[in-house]
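# Inside the fold
The lines below spell out each chain.
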Amino acid sequence: MMTTRTILSVDDSPINNKLIEAYFRKEYNVISKESGHQALEWLEDNIPDVILLDIMMPVMDGIEVLEQIQATERLKEIPVIMVTAKTEMESIKATLNLGAQDYVKKPIDFTELQTKVLIAFQINEQKQEISKYKSYYDIHQGMIHAQRIQKSILPDAENFRRLFSKSFIINLPKHVVSGDFYWIQQGYNKKSIALFDCTGHGVPAAMLTVMGLMELHTLSQNGNEIEIDTIFPLLSQKFSQVLNTSGDTYTQYNGMDGVFCSIYPKKNILEFAGAKRSLVLIRKNAPSLKVDNDIITPKDSNQDYSLFEIQGDRNSIGKESEFLEFTTRKIELNTGDRIFLYSDGITDQLGGEQQKRLKRKQFFNKLLDVQNKSINLQKSDIFTWFENWKHNNEQTDDILVIGIEI
């Protein structure tokens, strides 16, 4: 019989503690303390599975509490996630240097927090399994630092929200580091967003994400705007040049699938290019959609909304596409249109009563089902639905889903 995991929430705000209790109490035993002294007193006789620790508290702040936890041998291995309203990176950096595993900002995005709690549990279980082997433990610590480095080169969440105020991101790595990533750019008269899914998952795929992100940063430095009709060929050439220098035929054929969108707000135009990935657009009461000079019918619909799938090209980004051109498609947008970019991790997930892959049709049906809610509120519904489908199955692949309302 599986023991119920315990979360210790330390926050001087009773409201925040109640919110955390309400969100987690169905699956976990949640203990709340309203001061650092109360928490340390409770920890004298108890060991939780994870600690959610507020930084800004009177008398004894979260940094002081973390210092005492890290100074106590029996407590220092407990994963600590800092919860803070502060935006000063020095305070956050200080807690990470002291041994905190991660942090979330207030107001709390509970889907993000649950993801980080699940990762904390996973990391803690792995640490316990390999605690006898110091070399493996060192590798594991390196993975945590690699995760931080990878997150640091992704677009900042606040910048993303400024660029796309009505939006959500679901980012669920299969392991500590991910092979899926996204990228944004604000141009003079357009804003761009891209999603990429690198070959494989785990460390090998994460190394490819770093290469892809660095190339995107290089191409966009000094204010250069990335053009949708050249980005995939340029990335293909880069992957081919870098991975083709060795005689290892395995690395030569690594690459990534991707979606790239440029949105022109003043013209209400969206340009789309896909490399083995499609774009989903949902529009209210629309019998058809004009894409370039073609009229396409909905992939699925309900009484209020129509879901359109705009297909990308059949080639991946990499050696096979080094000398190929990718198709750019143009769509006239309506106010209120919602677009969705996703990697195939969500549709490949095993689950359900028959232990089958989730598949696109079910995912598209779910997207339609949540359209009666604002785009910002759809994230929690989709995340909960996915977790129920997955149930006790191991996550199949990295998962990244982005929703944006025009």
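Residues numbered from 1 in each chain as written. Predicted model: local features only at pLDDT ≥ 70, side-chain atom pairs only at ≥ 80, totals over all residues. Heavy atoms only, no water.

Before going further, it helps to spend a moment on empty space enclosed by the protein. Following the criterion strictly, the structure yields 1 cavity of 30 Å³ or more and no others. In this structure, the largest cavity encloses a volume near 40 Å³. Surrounding the largest cavity, I170, L172, I346, I382, F383, F386 and I399 form its lining. Among the elements of the structure, β6 (167-172) and α12 (375-390) are those that each provide at least two residues to the lining of the largest cavity. Here the lining of the largest cavity gets 3 residues from one element, more than from any other, and that element is α12. The class makeup of the residues in the lining of the largest cavity is 7 nonpolar, no polar and no charged. (1 Å grid on protein atoms, 1.4 Å probe; cavity = no way out; pocket = protein on both sides within 12 Å on 5 of 7 lines; lining within 4 Å. Points joined across faces, edges and corners; volume = space filled by probe spheres on them. Helix = DSSP H or I, 4+ residues; strand = E, 2+ residues; numbered from the N terminus. Nonpolar A, V, L, I, M, F, W, Y, C, P; charged D, E, K, R; others polar.)

The next subject is the sheet that holds strand β5 (residues 102-105). Pairing is parallel in the open sheet, where 5 strands are placed in the order β2-β1-β3-β4-β5. Because the sheet does not close on itself, it has two edges, and the strands there are β2 (29-33) and β5. Taking the axes of each pair of neighbouring strands and ignoring which way they run, one obtains an average angle of 20° across the sheet. Note that strand β1 (residues 6-10) and strand β3 (residues 50-54) share 4 bridges and pair parallel. Its bridge partner lying in β3, I7 is registered against V50. Of the strands in this sheet, β1, β2 and β3 are in contact with helix α1 (residues 14-24), which crosses β2 at around 175°. Helix α2 (residues 36-43) rests against β1, β2 and β3 of the sheet, and its axis sits at about 155° to β1. (Pairing = 2+ DSSP bridges. Axes fitted to C-alpha atoms, helices over the stretch in contact; angles between N-to-C directions. Contact = heavy atoms within 4.5 Å.)

That is the geometry; function is a separate question.
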